[in-house]
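Spelled out, the chains give:
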Amino acid sequence: MKVQQELPEIPSHLKDLQQKHKETLRVQTETLRVNTILIKEKVKIFQLVDRYAELTVISNVRDRTLVEHELLARGRDHEEWREKHLRRELEKIQTDQLFQSSFSQRKSKSGNSAAVSGVPGIGKTTMVQKIVYDWATGKIYPHFQFVFSFKFRDLNAINGRINLRNLILFFYPYLGNILGELWKNPEGLLFIFDGLDEFKDTIDFADNRRNTEPQSMCTDPEFRCKVSDIVYSLIQHKLLPGCSVLVTSRPTALHLLEKAEISVWAEILGFVGDERKKYFNKFFEDQTVAAAVFKHVEENEILYTMCYNPSYCWILALSLGPFFTQRDRKQQQVPKTITQLYSYYIYNILKNHGREIENPRDVLLKLGEMAYTGVSQKKIVFGNEDLIEYNLQPSQFLSGFLMELLERDDSAQSVVYTFPHLTIQEFVSALTQFLTPDPGEIGKLLSEAHSEADGRFEIFLRFVAGLSSPQSARPLEEFLGKFLHQTTCRVIDWVKEKVEGQIGNTQTETGKRKLLNTFHYLFESQNKALAQNTVGSVKTLSFRGLRLTPIDCAVLSHVIGLCDSIKHLDLQGCYIQYEGLWRLGPVLHMSPGLSLGGNKVGDSGVKLFSVALKNPGCEIQKLDFESNSLRYSHLCSQYKPSEQKRTHCPHQGHPERSPQMLQAAAPLSIQVKLDPPCSAGKS
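Okay, so let's go over this structure. (Residues numbered from 1 in each chain as written. Predicted model: local features only at pLDDT ≥ 70, side-chain atom pairs only at ≥ 80, totals over all residues. Heavy atoms only, no water.)

Another point: the overall build of the protein chain. The number of helices and strands found in the protein chain is 25 helices and 16 strands. For the protein chain, the residues scored as buried account for 56% of the 683 residues in total. Counting contacts in the protein chain only where the partners sit at least 6 residues apart, residues at least 24 apart contribute 76% of the total. Split by element, the accessible area of the protein chain, about 29200 Å² in all, is 48% carbon and sulfur. (Helix = DSSP H or I, 4+ residues; strand = E, 2+ residues; numbered from the N terminus. Buried < 20%, exposed > 50% of the residue type's maximum accessible area, 1.4 Å probe, protein only. Contact = heavy atoms within 4.5 Å. Areas by Shrake-Rupley, 256 points an atom, 1.4 Å probe, with all protein chains shown as cover.)

Time to look at the packing of helix α24 (residues 577-584) against helix α25 (residues 602-614). Between α24 and α25, the least distance of the axes is 9 Å, while the angle of their chain directions is 10°. Judged by the angle between their axes, α24 and α25 are roughly parallel. Of the residues in α25, those in contact with Y578, L581 and W582 of α24 are S604, G605 and L608. Grouping the constituent residues of the contact of α24 with α25 by class yields four nonpolar, two polar and no charged. (Axes fitted to C-alpha atoms, helices over the stretch in contact; angles between N-to-C directions. Parallel < 35°, antiparallel > 145°, perpendicular 65-115°, else oblique. Nonpolar A, V, L, I, M, F, W, Y, C, P; charged D, E, K, R; others polar.)

Strand order in the open sheet formed by six strands is β3-β8-β4-β7-β6-β5, and the pairing between neighbours is mixed. Two strands close off the open sheet at either side, each with one partner strand: β3 (56-58) and β5 (146-151). Between one strand and the next, the sheet's axes are offset by a mean angle of 20°, whatever the strand orientation. Where β3 and strand β8 (residues 264-270) come together, three bridges link them in antiparallel fashion. The residue of β8 that forms the bridge with I58 is E267. Across the sheet, helix α6 (residues 164-171) touches β5 and β6 (189-194), and the angle it forms with β5 is around 80°. (Pairing = 2+ DSSP bridges.)

Our focus in this paragraph is the side chain of S468. Structurally, S468 is set in the loop between α18 (458-466) and α19 (470-480). A polar contact of 2.6 Å, which involves the side chain of S468, links it to the backbone oxygen of A465. (Polar contact = N/O pair within 3.5 Å; in protein donor to acceptor, adjacent residues only side chain to side chain.)

What follows concerns the environment of Q471. Mapped onto the elements of the fold, Q471 is located in helix α19. Overall, Q471 belongs to the partly exposed group, its relative accessible area being 26%. Here the alpha-carbon distance between Q471 and Q526, two residues 55 residues apart in the chain, equals 8.7 Å.

Now for helix α13 (residues 338-353). Compared with an ideal rise of 1.5 Å per residue, which puts 16 residues at 22 Å, α13 spans 23 Å between its outermost C-alpha atoms and is within 8% of the ideal. Counting buried positions over the 16 residues of α13 gives 14, a clear majority of the element. (Expected span 1.5 Å × (residues − 1).)

With the rule as written, the count across this model stands at twelve salt bridges. Between E222 and R165 there is a salt bridge, with its nearest N and O atoms 3.0 Å apart. A residue pair is termed long-range when its members are at least 10 positions apart, and E222 in the loop between β6 and α8 (227-235) and R165 in helix α6 qualify at 57 residues. Between R462 and E458 there is a salt bridge whose closest N-O contact spans 4.0 Å. Of this pair, R462 and E458 are both found in helix α18, four residues apart, which corresponds to roughly one turn of the helix. For the pair formed by R462 and E458, the shared burial category is buried. Through salt bridges with shared partners, a single ionic network connects E23, R26 and E30. (Salt bridge = Lys/Arg side-chain N within 4 Å of Asp/Glu carboxyl O.)

On the secondary structure map, L556 appears in helix α23 (residues 550-561). Taking the C-alpha atoms as reference points, L556 and R583, 27 residues apart in sequence, are found 8.8 Å from one another.

With that settled, consider the packing of helix α17 (residues 442-451) against α18. For the pair α17 and α18, the least separation of the axes is 9 Å and the interaxial angle reads 145°. Relative to α18, α17 is oriented so that their crossing is left-handed. Across the interface between the two elements, L445, L446, A449 and H450 from α17 touch F460, L461 and V464 from α18. Here the residues of the contact of α17 with α18 are counted per class, giving six nonpolar, one polar and no charged. (Left-handed = near helix turned anticlockwise from the far one by under 90°.)

Turning next to α6. Every buried residue of α6 is listed here: L164, R165, L167, I168 and F171. Projection of α6 onto a plane perpendicular to its axis shows the buried side chains occupying an angular sector of 165°, all on one side. (Arc of directions from axis to C-beta.)

Bringing the packing of aromatic side chains into the picture now. The tally for this structure, following the rule as stated, stands at 35 aromatic pairs. Consider the rings of Y141 and F144, whose centres lie 5.4 Å apart with planes at 70°: the pair is edge-to-face. The exposure class of Y141 is buried, given its relative accessible area of 4%. With 5.5 Å between their ring centres and 35° between their planes, W494 and Y521 make a pair best called tilted. In this pair, W494 sits in helix α20 (residues 485-503) while Y521 sits in helix α21 (residues 509-525), placing the two residues 27 residues apart along the sequence. Y521 matches W494 in its accessibility class, with the two residues each being buried. One residue, K22, lies across the ring of W135, its end atom 4.9 Å from the ring centre. R276 extends its terminal NZ or CZ atom over the ring of Y304, reaching a point 4.4 Å from the ring centre. (Phe/Tyr/Trp six-rings, centres within 6.5 Å; stacked < 30°, edge-to-face > 60°. Lys NZ or Arg CZ within 6 Å of the ring centre and 35° of its normal.)

In structure tokens form, the structure reads like this:
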């Protein structure tokens, strides 16, 4: 651990201003404003220390060029990294350790710069707030004499040229008389810049012209230049060398920092393990409700998987809470799919604010049209001009869907709007398809969205398919009126067409991925007849070589469970691991032929599979279980209804290679293929 060097004792007059600065920051950061739009109180104020839930931050970044959608990107990669962390293969960083040399990947004598990434809603801004609060209250970073925190969103409003002195005074005007003295000890300064992905200017750290063009060479805190030049020069230690800088960003903007002088790379992984449960315990004052909500979430893989992200936890808690606090809600109506969850999210807004406006259906239709345009253009921030274009007026009702954000400019402040979460924007976009008086060519619209290669419409399409389900539509129709039956029929026909079109097209990875996406549509629709009509006659289902997430496995299990025709399920090399196998558990016994090699399910997976073999309806005849990180070697045995057999390992005498038992009472003989003897004991 790096021992922080002692800084010179600061004069008493600086101490007085330091205390004033700390007190200012403490007041600014001690409370957390929580949007509670699903109840009649619009915003609740909480003490930060009461609501802050510890996040897992790891000393690495998965893919600095990742283009992510919050749900899809997490689904593909997050579980693997979560498991690595739990196995202690990844080092967790506490917020007070971000500048320790043990985590540094690049040594610099002129100062430290740290970059923390994380997908939207993961808690980057709240983490920054907690860091500033902890410094202001004397809990962390005593070696920093002054901390200056900026949001790139606020910096966007500063036009023209400005120097570092005036930039600080813009936000901290009371420091005007001492800044000159602070420049003398830059080692005692920490600059925080939050939300690089929201910055309107691009900072090219590979651009060598910055080192030769006088107007861009910001080496003096009194020199006037662009804000982007100040940020660049601080991170590169050309301005106030010796100071420390912390930058946060979504993964989409991390590539901008690849050539920067970053000492520590870190990623907010989100909630793992008990951290998820702690969030719900802090969210609900009634711990009985907290336990009931979390239990429901934990038992539903689709919902539980969302809980890595605090933003999703917020949506889950707001949407599910009423089911466990109001006696008039039946437990069987508790949401099971993401579409059902968001339907009740909107239902609660309508219930509490719908009477404040004459025609909520008309307002949601216009809002959804604006939201859809945003999804298609990858636009998440809307201005007054957008509201005018769609004939929307700011109102208490509309504020249930759009959050107001202040943007500064040189003379005034302007208001912009954004949905609380991208997935809410996508849901409202999908909802408007069912509120449109004339569905027109909705099939064409959906097909064009489905053909987009960058995945921008993927969650939107899942919501559209899900809204064709009566259980998803019913709560919304209570306030918005009946969905157009013709639209629902066309959506179901479109899903049917897409599934049937992809069933036989799984020779390529792209074909398999598209088929998997259509299975997600089937799952969200919860339409048993549709699943049986489209997949009911399929004999072989192969996703060989396609990486499947726990969510994918849960969806696959649902679809297979509705059909009994699949004779061969090929999941060779899908890297489903134990958690994915567990999600497939209810349907494993249904296929005579199973290829499950190369999935790293481990010995615990064998125990799990033995449950499937014991199922009275087990039809398994052949099982490929090679390359699954098992501790025992080759096995080829017969299982008969009248007997149960153990599989024996030639290394039985070695305690670290003790044999695993695979017991079954299956109605048919089973051939099991496992790793060759030489692999015994290897994981």
